[in-house]
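Okay, here's what each chain looks like letter by letter:
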Amino acid sequence: MNLKLIGAFLTALLTFSAGPAIAQDEGQRASTGGAQTLEDILARQKGLEVDEGFRRDNLGDPSTAAPISGNLGTLGGLSQSDLYRGIRYAETDVSVSNTSAAAEILVQDGGMSWLLTREGAIQSYAAWGMGAILALLVVFYFTRGKMVIEGGPSGNTIERFKPLERFGHWCLAGSFIMLAITGLLLLFGRTVLIPIFGHEANSSIATFSIWVHNNIAWVFMASLVWIFVTWVAHNIPNKLDLVWLAKGGGIIGNAHPSARKFNAGQKIIFWMTILLGASVSMSGMSLLFPFEFPMFAETFAAINAVIPAMGLQTELLPHEEMQLAHLWHAIVATTMIIAIIAHIYIGSVGMEGAFDAMGSGHVDLEWARQHHDLWVEEEEAKASSGGVS
């Protein structure tokens, strides 16, 4: 009974004392402009947005400077708290002997938000996205089955891709696969590899992955340019692509819509690879050469000019540029991985005879007529014209 009375007394005491404490915090902010309240602390702990203006804008007033001989005289109109707030929000002119990039930024507290986003939303997107596409492809395979050549292979072949085309494709594909594997190892190292293999093993894996990732990236970028130059003329969208899409590309149902060298589905993969590949390459360059290629402040300014309601922040610290580049790099790369998984399925187990196009470079003539009939007609016309001459 006594314990219950004591508990009730303590509860009442805490209840009646909480209000004055909060009011005192708010009063302190009103009088000093620098104190945060209990509500600020609780909101920050819940991950809510907190307006930091009451601290960011409270950096002292030189007009109220004390005499040099008086208290705070050497600091002018600043206090120690004002000085530290200025350092935290990079509003204080700092002179450093280190001449490396961004050395004058002594405090940048956006790292925790970056880490939480990386280990939260980014990892979830990667895990659920890849898991979903794999599950969908398994279901599709067992319901639709493998797309076979109607009537069986003819036994005659036609050259689909020349050696240089296949070389560029495999350089791009091989480098992308290596980048995807090493990138995923780095993304999930802390949450997956450390609990299974331990810190030392993850350290070795991460070190090797970073080295491979940074060097293979050059092969990927060079191959991306080569593929663009080689195939862009064949991937210009036209009205035929709309018909192909309307008929499901032959994947849904049994129809085989007409197509030239590349059908609408392949054109989508091509432009997705080029555009997202260029974007991931730009963010990758920003990460390879820290603080040398800031991208987001100018990009946000351009977006705000078109859509003022967005109100994106355009004054970014060098470290914030790097954090945004890393997050964007992971998002774009994950999107590419999800799309390329589907592309690999169609080009291997999903369609009979498709792999030969990039394997030997020659495909069965009947396969070509079913999936790229207009291209076959063009190639046969070229051969006939060449034979006549």
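Keep in mind that what you see is a predicted model, and the values were worked out from it rather than measured.

(A) Structural detail: the overall build of the protein chain. What the protein chain contains, in helices and strands, is 15 helices and 2 strands. Here the protein chain holds 389 residues, and the buried ones make up 32% of them. For the protein chain, the proportion of contacts with a sequence separation of at least 24, taken over those separated by at least 6, is 70%. By element, 66% of the accessible surface of the protein chain is carried by carbon and sulfur atoms, the whole surface being about 23300 Å².

(B) Main features of unusual backbone geometry. Despite not being glycine, Phe 291 has its phi angle at roughly 70°, a positive value. With respect to the helices, strands and loops of the structure, Phe 291 is situated in the loop between helix H10 (264-288) and helix H11 (296-306). Its relative accessible area of 30% is what places Phe 291 among the partly exposed residues.

(C) Main features of the confidence of the model for the protein chain. When pLDDT is averaged across the protein chain, the result is 83; 82% of the residues are at 70 or more. In the model, residues 12-26 has pLDDT below 50 throughout and makes 7 contacts with residues more than four positions away in sequence or in other chains.

(D) Spotlight on empty space enclosed by the protein. One pass over the full model with this rule turns up 1 cavity of 30 Å³ or more. Roughly 40 Å³ of internal volume is contained in the largest cavity. Mapped onto the lining of the largest cavity, the elements with two or more residues apiece are helix H9 (239-246) and H10. Tallying contributions element by element places H9 first for the lining of the largest cavity, with 3 residues.

(E) Seen up close, the packing of aromatic side chains. Enumeration according to the criterion identifies 11 aromatic pairs in this entry. Across the ring face of Phe 262, the terminal group of Arg 160 is positioned such that the distance to the ring centre comes to 5.9 Å. Here Arg 160 stacks its cationic end above the ring of Trp 375, 4.9 Å away from the centre of that ring.

(F) Fine view of the pattern of salt bridges. For the structure on display, the rule yields 6 salt bridges. Asp 241 is the salt-bridge partner of Lys 267, the closest N and O atoms lying 3.0 Å from each other. Taken together, the residues Lys 267 in helix H10 and Asp 241 in helix H9 connect sequence positions 26 residues apart. We note that Lys 267, like Asp 241, is buried. The partner of Arg 369 in a salt bridge is Glu 380, and the shortest N-O contact between them spans 3.1 Å. Here the residue Arg 369 occupies a position in helix H14 (residues 365-371), and Glu 380 occupies one in helix H15 (residues 373-388), the gap between them amounting to 11 residues. Exposure remark for Arg 369: the relative accessible area of 40% places this residue in the partly exposed category. Assessed through its relative accessible area of 36%, Glu 380 is described here as partly exposed.

(G) A look at the side chain of Arg 166. As for its placement among the helices and strands, Arg 166 is situated in helix H6 (residues 163-187). Of note is the side chain of Arg 166, whose polar atom sits 3.1 Å from the backbone oxygen of Gly 359. Beyond its immediate sequence surroundings of up to four residues, Arg 166 is in contact with Phe 161, Ala 357, Met 358, Gly 359, Ser 360 and Gly 361.

(H) Spotlight on the environment of Gly 311. If you trace the backbone, Gly 311 turns up in the loop between H11 and helix H12 (318-346). With 11 residues separating them in the primary sequence, Gly 311 and Phe 300 have C-alpha atoms 8.5 Å apart.

(I) Representation of H6 within the structure. Across its 25 residues, H6 extends 35 Å between first and last C-alpha, which sits within 8% of the 36 Å expected from 1.5 Å per residue. Within the span of H6, buried status applies to Glu 165, Arg 166, Gly 168, His 169, Leu 172, Ala 173, Ser 175, Phe 176, Leu 179, Ala 180, Thr 182 and Leu 187.

Reading the values: rules and limits
Residues numbered from 1 in each chain as written. Predicted model: local features only at pLDDT ≥ 70, side-chain atom pairs only at ≥ 80, totals over all residues. Heavy atoms only, no water. Helix = DSSP H or I, 4+ residues; strand = E, 2+ residues; numbered from the N terminus. Buried < 20%, exposed > 50% of the residue type's maximum accessible area, 1.4 Å probe, protein only. Contact = heavy atoms within 4.5 Å. Areas by Shrake-Rupley, 256 points an atom, 1.4 Å probe, with all protein chains shown as cover. pLDDT = per-residue confidence, 0-100. 1 Å grid on protein atoms, 1.4 Å probe; cavity = no way out; pocket = protein on both sides within 12 Å on 5 of 7 lines; lining within 4 Å. Points joined across faces, edges and corners; volume = space filled by probe spheres on them. Phe/Tyr/Trp six-rings, centres within 6.5 Å; stacked < 30°, edge-to-face > 60°. Lys NZ or Arg CZ within 6 Å of the ring centre and 35° of its normal. Salt bridge = Lys/Arg side-chain N within 4 Å of Asp/Glu carboxyl O. Polar contact = N/O pair within 3.5 Å; in protein donor to acceptor, adjacent residues only side chain to side chain. Expected span 1.5 Å × (residues − 1).

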